[in-house]
Structure formats: C-alpha cells, structure tokens
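This is what each chain is made of:
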Amino acid sequence: MNIVYWLIFGLIVGTIANFIAPGFRGGIIGSIVLGIIGAVVGGFLGQMFFGVGVTGFNVTSFAVAIAGSILVLFVSRLI
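Here is what the cut-offs are and how they apply
- Residues numbered from 1 in each chain as written.
- Predicted model: local features only at pLDDT ≥ 70, side-chain atom pairs only at ≥ 80, totals over all residues.
- Heavy atoms only, no water.
- Axes fitted to C-alpha atoms, helices over the stretch in contact; angles between N-to-C directions.
- Helix = DSSP H or I, 4+ residues; strand = E, 2+ residues; numbered from the N terminus.
- Parallel < 35°, antiparallel > 145°, perpendicular 65-115°, else oblique.
- Contact = heavy atoms within 4.5 Å.
- Nonpolar A, V, L, I, M, F, W, Y, C, P; charged D, E, K, R; others polar.
- Core = buried A, V, L, I, M, F, W, Y, C linked by side-chain atoms within 4.5 Å.
- Buried < 20%, exposed > 50% of the residue type's maximum accessible area, 1.4 Å probe, protein only.
- Expected span 1.5 Å × (residues − 1).
- Polar contact = N/O pair within 3.5 Å; in protein donor to acceptor, adjacent residues only side chain to side chain.
- Left-handed = near helix turned anticlockwise from the far one by under 90°.

### Overview of the packing of helix α1 (residues 3-20) against helix α2 (residues 27-50)
Here α1 crosses α2 at 95°, and the two axes come no closer than 6 Å. As the angle between them shows, α1 and α2 are arranged roughly perpendicular. Touching W6, L7, F9, G10, L11, V13, G14, T15, A17 and N18 of α1 are I28, S31, I32, L34, G35, I36 and A39, all from α2. Partitioned by chemical class, the residues of the contact of α1 with α2 number 11 nonpolar, six polar and no charged.

This is the structure in structure tokens:
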C-alpha cells in the first residue's frame, strides 16, 4: 500500500481504538500515528503468535491493527 492508504488506514484504526478505549487526546494526527503504530505492533505480534498480519484493507488486517492500537494505548497509559 502506498503512504496515502497507510494514513487513511491509520486514521480509521486509531479512531476505532479511541472509541473502544477512550481517553487518548491526540487529535487527528495523533489518531493517525496511533493507528499506524498499532498496525505495526499488531501486525508483528499477530504474525509472531497467530500467523496473521496486516496485509491491506481487509477485515483481518483491521482487527489485528485495532488490537495493536488498543495495546499501544494500554502501554502508553502505564508509562
């Protein structure tokens, strides 16, 4: 995917993660960054443990990225 797709994907995933686990006040840019970092973390952990990663705009990729974003939110609140 090119950079525009990653930005849109990150915005969608970051926004959904904010709805599931509210409290993050990063605005649109923060949501994009959260979504992209969550997609990377979720894709890495998903590939390592379940053999499923972030492969594009599909349901599995969204689920993995959202789980990664929620994990990033949880860890950031601990710090």
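### With respect to the nonpolar core
One finds F9, V13, A39, F62, A65 and I66 forming the largest nonpolar core, which totals six residues. When residues of this core are traced back to their parent elements, those giving at least two are α1 and α3 (59-78). Broken down by element, this core gets its largest block of residues, three residues, from α3. Setting aside residues up to four positions removed in sequence, V13 forms contacts with G35, F62, A65, I66 and S69.

### Details of α2
The terminal C-alpha atoms of α2, which comprises 24 residues, lie 32 Å apart, in line with the 34 Å expected from a rise of 1.5 Å per residue. Every buried residue of α2 is listed here: G30, S31, I32, L34, G35, G38, A39, G42, G43 and G46. The positive-phi residue at the C-terminal boundary of α2 is G51, with phi of around 75°.

### Points about the side chain of S61
Its location among the elements puts S61 in helix α3. Of the polar contacts made by the side chain of S61, one reaches the backbone nitrogen of T55; its length is 2.8 Å. The residues contacting S61, other than those within four sequence positions of it, are F9, G53, V54, T55 and G56.

### Let's talk about the packing of α1 against α3
At a closest axis distance of 9 Å, the pairing of α1 and α3 adopts a crossing angle of 55°. With respect to α3, the element α1 is oriented oblique. Here α1 and α3 pass one another in a crossing that is right-handed. On α3, the residues touching F9, I12, V13, I16, A17, N18 and I20 of α1 are S61, F62, A65, I66, S69, I70 and L73. Residues that form the contact of α1 with α3 fall into these classes: 11 nonpolar, three polar and no charged.

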